[in-house]
Structure formats: structure tokens, C-alpha cells
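Observations on chain architecture
Listed here are the chains, written in short residue letters.
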Amino acid sequence: MDRITITRPDDWHIHLRDGEHLVTTVPHVARQFARAIVMPNLKPPVATVDDAIAYRDRILAARPAGSRFRPLLTLYLTDRTTAEEIERAAACPDVVAVKLYPAGATTNSDRGVADLRGLAPVLEVMAQTDLLLLVHGEVTDPEVDVFDREAVFLERELAPILERHPQLHVVLEHITTEQAVAFVRAGGPNLAATITAHHLLLNRNAMFQGGLSPHAYCLPVLKRERHRQALLGAACSGEPKFFLGTDSAPHRRTDKVSDCGCAGIYTAHAAMEFYAEAFDSMGALEYLEGFASQFGPDFYGLPRNRETISLVRRPSPVPASYPLAGSQLVPMRGGETTQWQLVAPG
Ligand code: NCD
Ligand code: ZN
């Protein structure tokens, strides 16, 4: 198969940032996707419906002429989030989910949740109003090895949340381990997971290949090959619990190449090309449409898109960098080529 036409996909987890960053990030996401779940980890975080609406308008203003790209907003859950704010969010069609960052787990998560039990009333309102809970699934306990933080989170934190709130729809985001794949499979119908393109294409060797590469550092950190194989198996299985979320996370080059380099891999410029490559490597291109364009909207209770895109097997060069807010952004595969090329509309 050298060409594939599918329903236009959506990205169920992306970081677009704010201000000048939007000039770079929004055209990239809008070229590929009809909709995207936009993460709220700005500084300060998107914590209220008013914040979300104002952010939505800044994103819409950065769309290329003629684009109908639609951002779907998320609220950043903090220890001070109120049930009233959640009710307001549920009444706003542009806010579809609430994001749980364990405090300190990743970029801009210092305002995240320290005591989840205290938020039980908030989660109850979410369950009743069909707002989804999106979970960054890593413990922050410094005693736990960084490569084990996701697996430990499943039993220690996620299982109790699911037990206390069986009606809540939960997405375990950017899963990276065979343990997470098994946990999601074993869970009830209200539990799903997103998988990034970079975790399908790279294992942890990428961080150390020929020297230390800050551009291959993200959170959750890349894992062993065994785990990448488990993710490929899940993504290409046709199981509706696994769907697309790029976690494309732009950082200025100067923030990545630094004494304390930021976590994040940028894939928004060629996300579907990367996913096509991953599915093709498994001989599973016929499963790409479900993963990219059907299972996400179904889980969120949103309509599937109507237009199509096509991907052709054709090498396509990736710029070494893009301009980003006065610095550069080094994209995944920068200076190299993708194996597939997106042509839109299909
Ligand atoms: C994300 C970011 O930069 O905001 N970084 C990352 O490595 N994925 C945060 C996140 O999603 O954990
Ligand atoms: Zn993310």
C-alpha cells in the first residue's frame, strides 16, 4: 500500500503553548488535524473556564486563513479547583476535559495536584457531567526510578481513582509501558489511553545514540524496546481503547540544550507521517484510521470528522529547525526525511 486515505484525524493531546509560540504550533497542528485537545500547562495554568475561552480565542486567531481547525480545551486541575468551576466547564462546549498533573511530574506541573483525595467531590461532578479526566500517569516519588514511574502510578494512584469513581471517563495519557497497555486492557469501558508517535518510533537508546540527545528527552521518558513493541501492538490492534495523542511539546532550542534541559519532543509538523511509518512497520496501515480518526471521538462522545486526508509513501524532508518565539524549535527528525507525506484534502 503506497497511498492511504482516511477520515481527517484529531489529536487528543497536544501542547501549543501561548503568545508567539502559536504562530509556529497552530499552523502545524491545523495542517494535520481537525481538532486537538490542547493541554493547559501554561504559565499560569489554564485553571478556569474564562482562562480557557480566552486561550481558545488566541489559538483561533493564529489559524492560517481558511482553516477550520477547532481547539478543544482542558482545565488544569489544582488542589483548589471547585465543583462550581467544573459545572461551568461542563456547560461550555469548548471545554471537554480536566487534566490531572501530579504536582512536579513534568513541565509546568508545580501547580498540579498534591492531594487527590481532597478532590473527590470535584471528580464526582465530572463523572456526573461527562467531563473527562486526563491523567499524566507518573508518580513523583523521588525514591522511584524514573523509568518505573508510570508502572508504579497504575497501582498506587490510578487504580484507587477508578475504584472510587467508576462512572468517570479517564484517559491515561501518552502511555509508555507494557504494564500500562495491560492495565488499560484490563480496565472497564470508561478507561482508555493515548499513544504518541515518538513512543511508537523510538526506544530509550535514542537519547544516547552517538552522544546525549536532549531532543529525544520527553516525559514520560522513552522506555526499552520491549515496551515500544507493546505500544505498537496496542496501537495496531484495532482496540478502541487506544487512540492518537501526539503530546507534541515545543521548547525553544535554548531551553532544551541547557544545563537543565526541558522535557518534550515536537512532532506536530509531521505527526501523521510518523504514525503512518509506525503502522506501516507493523504491516497494519488498515488500522490507522480507527486509531487516528474514530476511537478518540467515540470515547469523547463527539462526532467523527467528515473530510479526509491522504498519506503517500514518499520521502519528505524535515527542516532542521523552525523559528519559535525568538529562538528555534528542533522538530523530531529535523534535517532528515519522513517516509510518508500527508496530502490534504484526501
Ligand atoms: C510536556 C511539556 O513540555 O509541556 N513535556 C513532555 O515531555 N511531554 C509535558 C507533558 O506532557 O508531560
Ligand atoms: Zn503532554
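Just so we're clear, the structure is a prediction, and the values are computed from it rather than from any experiment.

Examined against the element boundaries, E273 turns out to sit in helix α10 (residues 271-281). Here E273 falls in the buried class, since its relative accessible area comes to 3%. Engagement of the side chain of E273 in a polar contact is seen with the backbone nitrogen of L342, the distance being 3.0 Å. With sequence-adjacent residues up to four places away left out, E273 is seen in contact with R31, Q32, L311, T338, W340, Q341 and L342.

This part is about the coordination of the zinc ion (ligand 2). The zinc ion (ligand 2) binds to the protein through H13 (NE2), H15 (NE2) and D247 (OD); the donor distances cover 2.0 Å. Relative to the metal, the four donor atoms surrounding the zinc ion (ligand 2) lie at angles of 90 to 148 degrees, and the coordination shape comes out irregular. In primary-sequence terms, the residues that donate to the zinc ion (ligand 2) follow H-x1-H-x231-D. Residue H15 is found in the loop between β2 (11-14) and α1 (21-32), and its partner D247 is found in the loop between β9 (242-244) and α9 (253-256); the two are separated by 232 residues along the sequence. Its relative accessible area of 6% is what places D247 among the buried residues.

This part takes up the sheet that holds strand β1 (residues 3-7). In spatial order, the strands read β1-β10-β13; together these three strands make up an open sheet with antiparallel pairing. In this open sheet, the two strands that pair with only one neighbour each are β1 and β13 (337-343). Averaged over neighbouring strand pairs, the angle between their axes works out to 35 degrees when direction is ignored. Pairing of β1 with strand β10 (residues 308-317) involves five bridges; the strand directions are antiparallel. Following the sheet pairing, I6 is matched in β10 by I309. Across the sheet, α10 is in contact with β1, β10 and β13; its angle to β13 comes to roughly 115 degrees.

Turning our attention to the site of ligand 1. The environment of ligand 1 is made up of 15 residues, and the closest members are R17, N41, T106, L219 and D247. One of the side-chain N or O atoms of H15 is found 3.0 Å from an oxygen atom in ligand 1. Protein chains bury 100% of the 310 Å² of accessible surface belonging to ligand 1 in isolation. Of all the cavities here, the one that holds ligand 1 is the largest cavity. Per-class residue counts for the shell around ligand 1 are four nonpolar, nine polar and two charged.

The packing of two helices is summarised by the inter-axis angle and the distance between the axes. It is at 9 Å that the axes of helix α5 (residues 149-164) and helix α6 (residues 178-186) come closest, and there the two elements cross at 20 degrees. One way to sum up the angle between α5 and α6 is to call them roughly parallel. Between α5 and α6 lies a crossing whose hand is right-handed. Listed contacts from α6 to E150, A151, L154, E155, L158, A159 and L162 of α5 are Q179, A180 and F183. Within the contact of α5 with α6, the residues separate by chemical class into seven nonpolar, one polar and two charged.

Thresholds applied
- Residues numbered from 1 in each chain as written.
- Chains lettered and ligands numbered in written order.
- Predicted model: local features only at pLDDT ≥ 70, side-chain atom pairs only at ≥ 80, totals over all residues.
- Heavy atoms only, no water.
- Helix = DSSP H or I, 4+ residues; strand = E, 2+ residues; numbered from the N terminus.
- Buried < 20%, exposed > 50% of the residue type's maximum accessible area, 1.4 Å probe, protein only.
- Polar contact = N/O pair within 3.5 Å; in protein donor to acceptor, adjacent residues only side chain to side chain.
- Contact = heavy atoms within 4.5 Å.
- Donors = N, O, S within 2.8 Å, 3.2 Å for Na, K, Ca; no water.
- Tetrahedral: all angles 85-135°; square planar, octahedral: opposite > 155°, others 65-115°.
- Pairing = 2+ DSSP bridges.
- Axes fitted to C-alpha atoms, helices over the stretch in contact; angles between N-to-C directions.
- Near = heavy atom within 4 Å.
- Areas by Shrake-Rupley, 256 points an atom, 1.4 Å probe, with all protein chains shown as cover.
- 1 Å grid on protein atoms, 1.4 Å probe; cavity = no way out; pocket = protein on both sides within 12 Å on 5 of 7 lines; lining within 4 Å.
- Sits in = over half its atoms within 2 Å of the grid points.
- Nonpolar A, V, L, I, M, F, W, Y, C, P; charged D, E, K, R; others polar.
- Parallel < 35°, antiparallel > 145°, perpendicular 65-115°, else oblique.
- Left-handed = near helix turned anticlockwise from the far one by under 90°.

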